[in-house]
Amino acid sequence: MAAHHHPIIIAGAGPAGLSLALSLGQSNIPCILFEMEPELTHDLRAGSYHPPTLEMLDELGVTAEMHKTGIKVPRWQIRDRVDGLVAEFDLSLVADETPYPYRLHLEQHRLTPILLDKIRETTSSVDVRFGTEVTGLEPDQDGVTVRLDNGDELRASFFVGCDGARSLARKVIDVEFKGFTWPDRFLVASTTFQLNELGFSGAGYVADPEHWAAIFHVPDTGPPGIWRVAYGTDPEEPEEDILRDERIQERLNIILEHSNPGVDSFELKYRSTYRVHQRVASKFFKGRIAIAGDAAHLNNPMGGLGLNGGVHDAISLGEKFRQIWHDNADFELHFDHYDRQRRPINIKAVQAMSIRNKKLLEERDPDVRRERLDELKNIASDPVKSKAHLMNTSMINSVREAAAVPLEETE
Ligand SMILES: Cc1cc2nc3c(=O)[nH]c(=O)nc-3n(C[C@H](O)[C@H](O)[C@H](O)COP(=O)(O)OP(=O)(O)OC[C@H]3O[C@@H](n4cnc5c(N)ncnc54)[C@H](O)[C@@H]3O)c2cc1C
C-alpha cells in the first residue's frame, strides 16, 4: 500500500509534462496533469531528437510511432555562408553506442499527440485535463494544495511544474532563474523548397557574422517535408517588417548565397519569431514541488537541446517517483539526486554547447571564425575525434554522466 494518499499533480502538457505523466502511468502511480490550453499546443518549436532521447522515449513505447513520420538525419553539417560546406558529422560513428545513430526530426506538435494517445491507451492512473490552469500552490509538510482557475482546490502528494518558461511552480519555490536573454529575436521560416537539392543534409548550421542560420528538414504533413530556416533578426527592426514576405525571401537568398539557388520566391509555409534565453534555475525542487523542462532551464535552439533536456528531466523524475511511491523511499533524497543529476549537466553541457554554437555561427572576427571552422573541419576529418565530438553533441555523454551521479552525496 502506497504511503502517499494524494495523486502527483503536474502542470503543463508539453513534452516534459506528458513524458512524465506517461512514465508515472506506466508505473501505475496516480497522477493528474492540468493544461491551461483547451488542447495540445500547435506552435512551431522543437523538432530534433538525439539518440539518448529516442532511447528514453522507446522505454515509454513511443519511439516506433515517432519513426512512422519522423525523418532520420544521420549527417549534420557546418557550413560557411559564402564558402559552403566546412564539415560534415556522421552519426553512424556512434552506432556501437546507441540503437539510434541519427537525429530524428519530428515537430514537437507531432510528438505530443503520440504521448497523449499512449497515456490514454496504456495507462489508467493518469487523468489529463485540458482548459484548466493551475493558479496557486500552497506547499506544506505533507503535500501541496493546488488551486485551479475554476475555483477548485485539490491536494497533491507532490507537484511538478512542467509549465514552461514562465513557470508558476518555479516562482512558488522562489529560486533564481539565472542567465541572460539574447538581444536578437529568432525568426523561423519554413519553405517547401527542398534544400537537399542544394547539398544540405537534414541538419545544417550556417556561419556568418550577419546572416548565420540553422536549417532543419522536418516532416510537416508528410514526404518530402519542409525545410525550416532559423536566423537572427535586428532587435530594432519592427516585428511586422521582419515577417514580411519580401524580407524573408531576401534573407533566404542571402543565407543560401553559396548554393545560389536561383529561386526568385521560396514558397513559405510557416513563419514565426521568438526571443531566446539562456537560463537555469538555481534549484530544481523545494520541499514537495519539483520543476522540469523549460520551467527549469532555457537555451537557444542551436544544437536542438532544449526539448531533449526536458524529456531527460521527465524520465529521471519518473524513475525517482517509482521509488518514492512504491518503495516509500525518502523523497528529499531522491529529489536532491534529481537536482544533482540534471542541473549541473544542464549548465555544463546544454548551456555551454548552445552558447558556443551560437557564438561560433555569428563570430565577427574573420580570423577567429576561420580558426574555429578549421578546427571543426579537422575534427570531422578524423573518425576518432569526430566520434568524441558526436558523443558530446548528441548528448550521449551528458546522459551517461548524469546517470553516474551517486544517490548520496560523497565528501
Ligand atoms: C522556435 C523554437 C524552436 C525550438 N527548437 C528546438 C529544437 O530543435 N530542439 C530542442 O530540443 N528544443 C527546441 N526548442 C525548445 C523546446 O521547444 C522547448 O524546450 C520545449 O517546448 C519545452 O517543453 P516543456 O514541456 O518543458 O514546456 P512547454 O512545451 O513550453 O510546455 C509547457 C506547457 O505548460 C502549460 N502551462 C503553463 N503554465 C500552466 C499552468 N499554470 N497551468 C496549466 N498549464 C500550464 C503551457 O500551456 C504549455 O502547454 C525550441 C523552442 C522554440 C521556441
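Here we summarise the structure given alongside this text. This one's a predicted model, so the numbers in the text were calculated from it and none came from an experiment.

## Here we look at the pattern of salt bridges
Opposite charge on two side chains lets them pair, provided their charged atoms get close. Using the criterion set out here, one finds 36 salt bridges in the structure. Residues Arg147 and Glu138 are paired through a salt bridge, measuring 3.2 Å at the closest nitrogen-oxygen approach. On the accessibility criterion, Arg147 (29% relative accessible area) is partly exposed. Judged by relative accessible area, Glu138 falls into the partly exposed class, the value being 42%. Across the pair Arg244 and Glu246 runs a salt bridge, and its minimum N-O distance is 2.7 Å.

## Comments concerning the site of the ligand
In the vicinity of the ligand lie 29 residues, with Glu35, Gln108, Tyr274, Asp294 and Leu307 positioned nearest. Take Ala16: an N or O atom from its main chain is 2.9 Å from an oxygen atom of the ligand. Broken down by element, the residue count for the shell around the ligand peaks at three residues, all from helix α8 (residues 306-326). For the shell around the ligand, the class distribution of residues is twelve nonpolar, ten polar and seven charged.

## Focus: the packing of helix α2 (residues 51-59) against α8
At their nearest, the axes of α2 and α8 sit 10 Å apart, and the two run at 40° to each other. Taken together, the axes of α2 and α8 lie oblique to each other. Of the two possible hands of crossing, α2 and α8 adopt the one that is left-handed. Across the interface between the two elements, Pro52, Thr53, Met56 and Leu57 from α2 touch Asn308, Val311, His312 and Ile315 from α8.

## Looking at the packing of aromatic side chains
On inspection of all chains with the given rule, the structure shows 15 aromatic pairs. Between Phe158 and Phe335 the ring centres are 5.7 Å apart and the planes differ by 65°, which places this aromatic pair in the edge-to-face class. With Phe158 in strand β12 (residues 158-161) and Phe335 in helix α9 (residues 331-362), this residue pair connects regions lying 177 residues apart in the sequence. The class for Phe158 is buried, based on a relative accessible area of 0%. With a centroid separation of 5.6 Å and an interplanar angle of 85°, the aromatic rings of Phe321 and Phe335 are classed as edge-to-face. Within this pair, whereas Phe321 is found in helix α8, its partner Phe335 is found in helix α9, the two being separated by 14 residues in sequence. One exposure class covers both Phe321 and Phe335, and it is buried. Ring-pair connections join several aromatic residues into one group, and the members of that group are Phe158, Phe285, Phe321, Phe331 and Phe335. The ring of Phe177 has Arg170 sitting right over it, with the charged end atom 3.6 Å from the ring centre. The lysine or arginine in question, Lys358, covers the ring of Trp182, its NZ or CZ lying 3.9 Å from the ring centre.

What counts as what
- Residues numbered from 1 in each chain as written.
- Predicted model: local features only at pLDDT ≥ 70, side-chain atom pairs only at ≥ 80, totals over all residues.
- Heavy atoms only, no water.
- Salt bridge = Lys/Arg side-chain N within 4 Å of Asp/Glu carboxyl O.
- Buried < 20%, exposed > 50% of the residue type's maximum accessible area, 1.4 Å probe, protein only.
- Near = heavy atom within 4 Å.
- Polar contact = N/O pair within 3.5 Å; in protein donor to acceptor, adjacent residues only side chain to side chain.
- Helix = DSSP H or I, 4+ residues; strand = E, 2+ residues; numbered from the N terminus.
- Nonpolar A, V, L, I, M, F, W, Y, C, P; charged D, E, K, R; others polar.
- Axes fitted to C-alpha atoms, helices over the stretch in contact; angles between N-to-C directions.
- Parallel < 35°, antiparallel > 145°, perpendicular 65-115°, else oblique.
- Left-handed = near helix turned anticlockwise from the far one by under 90°.
- Contact = heavy atoms within 4.5 Å.
- Phe/Tyr/Trp six-rings, centres within 6.5 Å; stacked < 30°, edge-to-face > 60°.
- Lys NZ or Arg CZ within 6 Å of the ring centre and 35° of its normal.

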